[in-house]
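These are the residues of each chain, in order.
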Amino acid sequence: MRVVVALGGNALMRREDRPDASLQRANVMAAVKSLAPLAERHELIVTHGNGPQVGVLSLESINDPNLTRPYPLDTIGAETQGMIGYWLLQAMQNALPGRQVMAVINQTLVSAVDPAFDDPTKFVGQVYTRDEAERLAREYGWRIKADGDHWRRVVPSPAPQRVIETRLLRQLVRAGTVVICAGGGGIPVVRNDVGQLEGVEAVVDKDATAALLAETLEADALLVLTDVTRVMRGFGTPHQEEIKQTTPHELRAEDFPAGSMGPKVEAVTGFVERTGDMAAIGRLDQCVQILAGTAGTIVTPNATWPLASTL
Ligand SMILES: Nc1ncnc2c1ncn2[C@@H]1O[C@H](COP(=O)(O)OP(=O)(O)O)[C@@H](O)[C@H]1O
Ligand SMILES: NC(=O)OP(=O)(O)O
C-alpha cells in the first residue's frame, strides 16, 4: 500500500512546551518509533506541521538587531522544513537501516488572490494571555486570535493548489524511498506576472497539502495523526462521543473548529470523496492499528466499505 501520513504539530512540540531542540528531537524519535512499522510494510510519505516552530524562528528574526527586516514567512517555512526534516530523516534512517529515506525542501503553489490573505487563520508560535498578545500585536503588527483559553498569532493560510515537485516525489516513492516532504504544508509560492515562482507571506495547512499529495501520488490511504484517539461528536461537552467509522456525508453534517479539527476533517473528507479510498484521524502512537481499521476515526466512501479485507 501507499500511505501518506500527516504528522501533527502537537506530535513535535505542544503549544505550551519550551521550544528546545532536545525536546523536539525526543518527540521526533517517539514519532518515528510509531511510524517505523508502517514504513517497513508500506510505501510511506510523511508530511509534518510547523506552526509552533514558525513562531519561534519568526520571533528570533524579529528580535535580531542585525536584520533590516525580519525574514519573510516563506523563508521561515523553508527553515522549518530543513530543521524538522533533518530530525525526521535522521531518526528514520536510524530506525530503518537498509531503507532509503529522503527529506526534501519543497514548494506548494497557492493563489495570490486567495481570500485567506485577508483573513489569517493559521496559529503560529506560542500561546499568550490576551493582554500579552494584544501588546505584541501592537508592537509587531501581528494579527491575533483566541485559541481555546489562550491567544496566539495567526497568519494567512491559503489553500494548496499544487505541490510543485510532485513528479520528483512520485519517482522517489516508486524507487522505494521513504519520503519526508511538504513540511508545514510546503513553502507557499505563487507564479508572478512573468511566470516565475515567488514566495509569499503565509503558512499552508499541512493536512490540506497532505490530502492533495495523497490524491496526486495515488495513495491508498491518508492518515492524519494527532494527539486525540478519535474525532468526537460534541467535543468538549458532557455528551461528547467518539466517532469510530464514518463517511464524508456524515462528517459534512457536523461542525468542527477552524483552527484545529476543522482542517483535518476537511482533508480526510475531501480525499475520500475525490478518490474513493480510505482516510483516518487518530493518535500517532496508534497509526498501525488505524491503518488496520481498529483504532482512530476511519472515513470510508460509504458505511459498508469492506475495511478489513481491503487493508
Ligand atoms: N471534535 C473534535 N474531536 C477531537 N478533537 C478535537 C475536536 N475539536 C477540536 N479538537 C482538538 O483538536 C486538537 C487537534 O488539532 P491540532 O491541535 O491542530 O493538532 P495538530 O497540531 O496535531 O495538527 C485536539 O488536541 C483537540 O483538542
Ligand atoms: N503548517 C501546519 O499546518 O502546521 P501545524 O500542523 O503545526 O498547524
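Residues numbered from 1 in each chain as written. Chains lettered and ligands numbered in written order. Predicted model: local features only at pLDDT ≥ 70, side-chain atom pairs only at ≥ 80, totals over all residues. Heavy atoms only, no water.

- In the annotation of an unreviewed UniProt entry, the entry for the protein reads Carbamate kinase, and the organism field reads Actinomadura yumaensis.
- On record in UniProt, under Sequence similarities (unreviewed entry), the comment for the protein is "Belongs to the carbamate kinase family." (UniProt positions renumbered as here; feature names shortened; annotations may be inferred.)

1. Some points on the site of ligand 2
- Looking at ligand 2, the residues that line it are Gly9, Gly49, Asn50, Gly51, Pro52, Lys122, Gly184, Val203, Val204, Asp205 and Lys206.
- Interatomic distance of 2.9 Å between a side-chain N/O atom of Asn50 and a nitrogen atom of ligand 2.
- Within the backbone of Val204, one N or O atom sits 2.9 Å away from a nitrogen atom of ligand 2.
- When ligand 2 is considered free in solution it has 260 Å² of accessible area, and contact with the protein chains removes 89% of it.
- Along the lines of polarity and charge, the residues of the shell around ligand 2 split into three nonpolar, five polar and three charged. (Near = heavy atom within 4 Å. Polar contact = N/O pair within 3.5 Å; in protein donor to acceptor, adjacent residues only side chain to side chain. Areas by Shrake-Rupley, 256 points an atom, 1.4 Å probe, with all protein chains shown as cover. Nonpolar A, V, L, I, M, F, W, Y, C, P; charged D, E, K, R; others polar.)

2. Concerning the packing of aromatic side chains
- Taken as a whole, this structure holds two aromatic pairs when the rule is applied.
- Consider the rings of Tyr128 and Trp142, whose centres lie 6.3 Å apart with planes at 45 degrees: the pair is tilted. Here Tyr128 is found in strand 5 (residues 122-128), whereas its partner Trp142 is found in the loop between helix 5 (130-140) and strand 6 (143-147), with 14 residues between them in sequence. Take Tyr128 and Trp142: they sit in the same class, and that class is buried.
- Considering the side-chain rings of Tyr140 and Trp142, the 5.2 Å spacing of their centres and the 45 degrees angle between planes classify their relative orientation as tilted.
- An aromatic cluster of at least three residues, connected via ring pairs, comprises Tyr128, Tyr140 and Trp142. (Phe/Tyr/Trp six-rings, centres within 6.5 Å; stacked < 30°, edge-to-face > 60°. Helix = DSSP H or I, 4+ residues; strand = E, 2+ residues; numbered from the N terminus. Buried < 20%, exposed > 50% of the residue type's maximum accessible area, 1.4 Å probe, protein only.)

3. Quick notes on the confidence of the model for the protein
- When pLDDT is averaged across the protein, the result is 94; 98% of the residues are at 70 or more.
- The ipTM, which scores confidence in the relative placement of chains, is 0.98 for this predicted complex, and the corresponding pTM is 0.95. (pLDDT = per-residue confidence, 0-100.)

4. So, the pattern of salt bridges
- Considering all chains together, one arrives at 15 salt bridges under this definition.
- Between Lys206 and Asp207 there is a salt bridge, with the nearest N and O atoms lying 3.4 Å from each other. Take Lys206 and Asp207: they sit in the same class, and that class is buried. (Salt bridge = Lys/Arg side-chain N within 4 Å of Asp/Glu carboxyl O.)

5. With respect to the side chain of Asn106
- Mapped onto the elements of the fold, Asn106 is located in the loop between strand 3 (101-103) and strand 4 (107-109).
- At 3.5 Å, the side chain of Asn106 and the side chain of Glu165 are in polar contact.
- When neighbours within four sequence positions are excluded, Asn106 is seen to be in contact with Gln81, Val163, Glu165, Leu169, Cys181, Ala182, Gly186 and Ile187. (Contact = heavy atoms within 4.5 Å.)

6. Considerations on the sheet that holds strand 6
- Strand order in the open sheet formed by three strands is 5-7-6, with antiparallel pairing between adjacent strands. Sheet topology places strand 5 and strand 6 at the edges, where each strand pairs with a single neighbour. In this sheet, adjacent strand axes meet at a mean angle of 40 degrees when their direction is disregarded.
- This element, helix 5, spans strand 5, strand 6 and strand 7 (150-155) of the sheet and lies at about 120 degrees to strand 5. (Pairing = 2+ DSSP bridges. Axes fitted to C-alpha atoms, helices over the stretch in contact; angles between N-to-C directions.)

7. Some words on the site of ligand 1
- Not every one of the 18 residues close to ligand 1 is listed here, only the nearest: Asn10, Thr226, Asp227, Met232 and Lys264.
- Interatomic distance of 2.9 Å between a backbone N/O atom of Met232 and a nitrogen atom of ligand 1.
- If ligand 1 stood free it would expose 580 Å²; the protein chains cover 86% of that surface.
- Of all elements in the fold, only helix 1 (9-12) and helix 9 (261-275) reach the threshold of two or more residues within the shell around ligand 1.

8. Re empty space enclosed by the protein
- What the rule picks out here adds up to three cavities of 30 Å³ or more.
- Its volume calculated, the largest cavity comes out at about 50 Å³.
- Forming the walls of the largest cavity are Gly55, Leu59, Val124, Gly125, Gln126, Tyr128, Trp142 and Arg153.
- Among the secondary structure elements, those contributing two or more residues to the lining of the largest cavity are helix 3 (51-62) and strand 5.
- The leading source of residues in the lining of the largest cavity is strand 5, at four residues.
- Tallied by class, residues from the lining of the largest cavity come to four nonpolar, three polar and one charged.
- When its volume is computed, the second largest cavity comes out at roughly 40 Å³.
- Forming the boundary of the second largest cavity are Asn50, Val54, Leu73, Gly77, Gly183, Gly184, Gly186, Ile187, Pro188, Ala202 and Val203. (1 Å grid on protein atoms, 1.4 Å probe; cavity = no way out; pocket = protein on both sides within 12 Å on 5 of 7 lines; lining within 4 Å. Points joined across faces, edges and corners; volume = space filled by probe spheres on them.)

9. Section: the packing of helix 3 against helix 4 (residues 73-95)
- Between helix 3 and helix 4, whose axes approach to 9 Å, the crossing angle comes to 120 degrees. Taken together, the axis directions place helix 3 and helix 4 in an arrangement best described as oblique. Between helix 3 and helix 4 the crossing geometry is right-handed. For the pair helix 3 and helix 4, contact is made by Gln53, Val54, Leu57 and Ser58 and by Leu73, Ile76, Glu79, Thr80, Met83 and Ile84, respectively.
- Of the residues in the contact of helix 3 with helix 4, the class split is six nonpolar, three polar and one charged. (Parallel < 35°, antiparallel > 145°, perpendicular 65-115°, else oblique. Left-handed = near helix turned anticlockwise from the far one by under 90°.)

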